[in-house]
Amino acid sequence: MKSNEVLERILYLRDLINKANYEYYVLDKPTLTDQEFDKYLRELENLELEFPEYDSETSPTKKVGGEVIDRFKKVIHKIPMLSLPDVFDIMEIEDFNTRVVKENIEPTYVCEYKIDGLSVSLHYEQGKLIFASTRGDGITGEDITHNVKTIKSVPLTINKPIDIEVRGEIYMSKKVLEEINKKRELEGQPILQNVRNAAAGSIRQLDSKIAAERKLDTWIYHLPNPEDYGIETHSDALTFMSELGFKVNKEANKIVKGIKEIEEYINKISNIRHDLPYEIDGIVIKVNSLLSQKQLGFTSKYPKWAVAYKFPAEEVLTKLQDIVFTVGRTGRITPNAVLEPVIVMGSTIKRATLHNEDYVIMKDLKIGDIVSIRKAGDVIPEVVEAKKERRQGSEKEFIMINNCPICGSVLEKKKDQVDHYCVNLSCPARKVESLIHFCSRKAMNIDGLGIEIMEDLFNMDFIRHIPDIYALHEHKKDLIELEGYGNKSVDNLLAAIEDSKSNSLERLLFGLGISGIGDKTALLLVKIFKNIDNLMNATYDDFKNIKDIGPTLADNLYNYFHNIDNIELIEKLKTIGLNMNYLGENERHHDLISGKRFVLTGTLTFMDRDSLSNIIIDYGGMTSSSVSKKTDVVIVGDNPGSKYEKAKELNIEIWNEEKIKDIVNNLE
Ligand code: IVH
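A brief look at the structure comes next.

Conventions used here
Residues numbered from 1 in each chain as written. Predicted model: local features only at pLDDT ≥ 70, side-chain atom pairs only at ≥ 80, totals over all residues. Heavy atoms only, no water. Core = buried A, V, L, I, M, F, W, Y, C linked by side-chain atoms within 4.5 Å. Buried < 20%, exposed > 50% of the residue type's maximum accessible area, 1.4 Å probe, protein only. Helix = DSSP H or I, 4+ residues; strand = E, 2+ residues; numbered from the N terminus. Contact = heavy atoms within 4.5 Å. Axes fitted to C-alpha atoms, helices over the stretch in contact; angles between N-to-C directions. Parallel < 35°, antiparallel > 145°, perpendicular 65-115°, else oblique. Left-handed = near helix turned anticlockwise from the far one by under 90°. Nonpolar A, V, L, I, M, F, W, Y, C, P; charged D, E, K, R; others polar. Near = heavy atom within 4 Å. Polar contact = N/O pair within 3.5 Å; in protein donor to acceptor, adjacent residues only side chain to side chain. Areas by Shrake-Rupley, 256 points an atom, 1.4 Å probe, with all protein chains shown as cover. Pairing = 2+ DSSP bridges. Phe/Tyr/Trp six-rings, centres within 6.5 Å; stacked < 30°, edge-to-face > 60°. Lys NZ or Arg CZ within 6 Å of the ring centre and 35° of its normal. Disulfide = S-S within 2.5 Å. Patch = residues over 30% accessible without salt bridge, like charges linked within 9 Å, V, L, I, M, F, W, Y side chains within 5 Å. Salt bridge = Lys/Arg side-chain N within 4 Å of Asp/Glu carboxyl O. Lys, Arg positive; Asp, Glu negative; His and termini not counted. Charge placed at Lys NZ, Arg CZ, Asp CG, Glu CD. Expected span 1.5 Å × (residues − 1). Arc of directions from axis to C-beta.

## A closer look at the nonpolar core
Here's step 1: In this structure, I446, I469, L525, L535, F543 and F561 are the most contacted members of the largest nonpolar core, which totals 57 residues.
Here's step 2: Counting residues per element, this core draws most heavily on helix 18 (residues 519–529), which supplies six residues.
Here's step 3: With residues up to four places along the chain from it excluded, the contact list for L535 reads L505, L509, L525, V526, F529, F543 and F561.
Here's step 4: In this structure, F72, L129, V154 and I158 belong to the second largest nonpolar core, which totals 39 residues.

In structure tokens form, the structure reads like this:
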């Protein structure tokens, strides 16, 4: 074939495949058979391989995945990605309607399904997909372009060569989740709990091949810049996006007038929602006129022109088979309900926490009771009540234990506290729990060192303390001989352990299990202190001056880093070769922000203080709650308090809202 013929054929095949994808995934009306589709796709792949000069990022062959990234880049949303205020009953919807009518706005709404997934923003330039990002905290999201490209219903090119941003939901169908879980169960992997976590977990894969296998889908429901296209109503925006080639849920949106019609729509959908192939957790109600939307405006968190009605939590009955006790890494004892497995809102529930002795007594639970279990969305399941009328007399009283179920030592309960504790520092359960925590996904993320394996390795004396994890390779031969550990899985495990040495510091800091320090606080701390030595040398006040760190956490941190055992542990981990620095998600830098200490006071109108604080931290600055000589800049909004006076007194640089707004708007 001549070069121009090759290009012509490539372009023809791309068109054909894009059209077939659209018909199959968006319109749900396939025109090609699977065999025909595969044949054309293979031909295109081969041509692109043979003639790389004609390869293109927007070719439909990119939908099979293959790109692997190191980490997710941060993306600042030019228009914040707000979420919606939740309402739970018709009265709250009436309140919303009253607020709308009070502004002399016609109460015409679009009701839509509230899809249970994660929101996404898609950006097109000249009609080509250039990047996609998650919502994140609404101000900054993560760049997930490589994975979004693999979603079949997301067009890589749209029907008009325009610049546009659209937003919608990425979701996983109920059937796909079921199939994945069947496979995972066979492979002995933990099941994915629900469609939302499954979709979010899939989209956060670094390797897009894995994301592609997860068969994600989209519904597009929001156009942030309708005025750019001369569009006047939300329903027209939906039609416009559908015409561009996006998957818009036509059956699932309806123009309604007034409260009565909203109620009718909600009742109708509540009855059919379990028959839908995907999960919805409510109904979104949006004012249809975009001019009226503008008039109503926003609060710092939500639009005032829409609400999300959430379906009531689902309750099912099951049997409370037993109450068992677990010991956490702090020694806290938790009673847990062992339940006859039931499915609630798409997840199988076998256990539910009963928190503490008082909780079980308050609910008057007996072993053998029929209990109702409630689960709402991604909230953890809860035992609502015992069905006392169904008791048969054979149920057993709950008795709180006095001794640790693992080491047998007498439990302690401090005055005025509800929890019992095992205070034996060498209690194996506490140790195993802290080792499991160290390896867990949000900590060092060592795949393969879960609960059961860790218990085995602990009992065999292979791992007793954190540094032993990094010496596990010395037991390679023993591990391979053990039942259930193949050669390959041992290799994978040892590789995962080795890889974890280069984790960014926040994972290690969270993994150390300092009381009260969760993964978010760990990240905040390492963004500020940058390396472990700075953390170890910090004073109590250095910690306490950080916004969001109160006196208890500051105390915990200071004490942890001044305890001789902990200092030895950290030194040992340094010798083993663990990374002790914050590696940064993107190492953002701004001359006016990086390395400076800020205090925020007064009300800002362009963005709330928490979001601004996050941006400052992202760019290597730090924020604290009080003004001192160490403060570099005080940012002053409306009605500033005494901090403003103190800043003037100490001659500290003061920025007004205009200045910081200008800087933020010009950030990369
Ligand atoms: S509109 C500015 N419409 O629900 C308003 N959101 O609780 C943008 N969601 O973050 C959102 N279905 O992830 C909208 N039909 C729908 C939706 C929807 C699901 C999600 C979305 C949003 C969250 C708000």
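Having put the structure on the table, let's press on.
## Some thoughts on the packing of helix 1 (residues 3–26) against helix 2 (residues 34–50)
Here's step 1: Interhelical geometry of helix 1 versus helix 2 gives an angle of 140° and a closest axis separation of 10 Å. By the criterion of interaxial angle, the relationship of helix 1 to helix 2 is oblique. Both helix 1 and helix 2 take part in a crossing whose hand is left-handed. Counting all contacts with helix 1, which are made through V6, R9, I10, L13, R14, L16, I17, A20 and N21, the residues of helix 2 involved are F37, Y40, L41, E43, L44, L47 and E48.
Here's step 2: A per-class count over the contact of helix 1 with helix 2 returns eleven nonpolar, one polar and four charged.

## Looking at the site of the ligand
Here's step 1: The environment of the ligand is formed by 14 residues, the closest being E112, I115, E169, Y221 and K286.
Here's step 2: Contact between the ligand and E169: an oxygen atom at 2.8 Å from a side-chain N or O atom of the residue.
Here's step 3: Protein coverage of the free-state accessible area of the ligand, which is 530 Å², stands at 90%.
Here's step 4: At the level of secondary structure, the elements contributing two or more residues to the shell around the ligand comprise strand 3 (108–115) and strand 10 (280–287).
Here's step 5: Sort the elements by how many residues they give to the shell around the ligand and strand 3 lands first, with four residues.

## Quick notes on the pairing of strand 12 (residues 314–327)
Here's step 1: In terms of strand pairing, strand 12 meets strand 15 (residues 370–375) through six bridges, oriented antiparallel. Among the inter-strand pairings, L317 is bridged to a residue of strand 15, identified as S372.
Here's step 2: Of the pairings in the sheet, the one linking strand 12 to strand 13 (residues 333–344) comprises seven bridges and is antiparallel in character. Counterpart to V327 in the pairing with strand 13 is I333.
Here's step 3: Joining the antiparallel neighbours strand 12 and strand 13 is a turn of five residues, in which G331 adopts a positive phi near 95°.

## Quick word on the sheet that holds strand 20 (residues 653–656)
As a general point, the strands of a sheet are linked pairwise by backbone hydrogen bonds and lie either parallel or antiparallel.
Here's step 1: Within the open sheet, the four strands sit side by side as 18-17-19-20. Their pairing is parallel. Edge positions in the sheet fall to strand 18 (622–623) and strand 20, since each has one partner strand and no second.
Here's step 2: Sheet analysis places strand 17 (residues 597–601) next to strand 18, joined by two bridges and oriented parallel. For F598, the partnering residue across the bridge sits in strand 18 and is T623.

## Concerning the sheet that holds strand 14 (residues 347–353)
Here's step 1: Strand order in this open sheet of five strands is 14-13-12-15-16, and the pairing throughout is antiparallel. Every interior strand has two partners, whereas the edge strands, strand 14 and strand 16 (382–386), have only one. Recorded for the sheet is a direction-independent mean angle of 40° between the axes of neighbouring strands.
Here's step 2: The pairing of strand 13 with strand 14 spans six bridges and is classified as antiparallel. Its bridge partner being in strand 14, V344 is matched across the sheet by S347.

## Considerations on the packing of aromatic side chains
Two aromatic rings, taken as a pair, are described by how far apart their centres are and by the angle between their planes.
Here's step 1: By the definition in use, this model includes 16 aromatic pairs.
Here's step 2: The interplanar angle of 45° and the centroid separation of 5.7 Å between the aromatic rings of F96 and Y109 together place this pair among those described as tilted. Of the two residues, F96 is situated in helix 3 (residues 90–102) and Y109 in strand 3; the sequence distance between them amounts to 13 residues. In this pair, the class of F96 matches that of Y109, namely buried.
Here's step 3: Through a chain of ring-to-ring contacts, three or more aromatic side chains come together here, namely Y113, Y171, W219 and Y278.
Here's step 4: Sitting above the plane of the W219 ring, K247 keeps its charged end 4.1 Å from the centroid.
Here's step 5: We note R464 situated over the ring of F458; from NZ or CZ to the ring centre the distance is 3.9 Å.

## Thoughts on the state of the cysteines
Here's step 1: Evaluation of the coordinates by the stated rule reveals zero disulfides.
Here's step 2: Free cysteine C422: the closest other cysteine sulfur is in C407, separated by 3.7 Å.
Here's step 3: Residue classification places C422 among the buried positions, given a relative accessible area of 0%.
Here's step 4: There is no disulfide at C439, and the cysteine sulfur nearest it, in C427, is 18 Å away.

## Observations regarding a negative patch on the surface
Here's step 1: Taken together, D89, E94, D95 and E263 make up a surface patch of like negative charges.
Here's step 2: Secondary-structure assignment places E263 in helix 9 (residues 258–272).

## What about the environment of P277?
Here's step 1: Among the structural elements, P277 can be located in the loop between helix 9 and strand 10.
Here's step 2: In this structure P277 touches S173, K174 and K175, once residues within four positions along its chain are discounted.

## What about unusual backbone geometry?
Excluding glycine, residues mostly have negative phi values, and the peptide bonds linking residues are mostly trans.
Here's step 1: One non-glycine residue with positive phi stands out, namely K530, at about 70°.
Here's step 2: Position of K530 relative to the elements: it lies in the loop between helix 18 and helix 19 (532–537).
Here's step 3: K530 gets classed as partly exposed once you look at its relative accessible area, which sits at 33%.

## Things to note about the side chain of S235
Here's step 1: Among the structural elements, S235 can be located in helix 8 (residues 234–244).
Here's step 2: Excluding its chain neighbours within four sequence positions, the residues that come into contact with S235 are V110, I255 and N288.

## Points about helix 16 (residues 487–500)
Here's step 1: Its 14 residues give helix 16 an end-to-end C-alpha distance of 20 Å, which sits within 8% of 20 Å, the value for a rise of 1.5 Å per residue.
Here's step 2: Buried within helix 16 are the following residues: V490, L493, L494, A496, I497 and S500. Down the axis of helix 16, the buried set is contained in an arc of 155°. They therefore lie on one face. The outward face of helix 16, more than 90 degrees from its buried face, is lined by the exposed residues K488 and D499.
Here's step 3: Where helix 16 is buried, its residues touch helix 14 (466–469) and helix 15 (476–481).

## Quick notes on the pattern of salt bridges
Here's step 1: The full count for this structure, using the stated rule, is 32 salt bridges.
Here's step 2: One salt bridge connects D217 with K247, and the closest N-O pair in it is separated by 2.9 Å. Taken together, the residues span a long stretch of sequence, with D217 in strand 8 (residues 217–222) and K247 in the loop between helix 8 and strand 9 (253–257) at a distance of 30 residues. Neither residue differs from the other here; D217 and K247 are each classed as buried.
Here's step 3: Between K574 and D533 there is a salt bridge; the shortest N-O distance is 2.8 Å. One end of the pair, K574, is in helix 22 (residues 564–576); the other, D533, is in helix 19, with 41 residues separating them in the sequence.
Here's step 4: For K574, a relative accessible area of 27% puts it in the partly exposed group.
Here's step 5: What emerges from the salt-bridge pattern is a single network uniting R14, E48, D55 and K62.

Geometry only, nothing functional implied.
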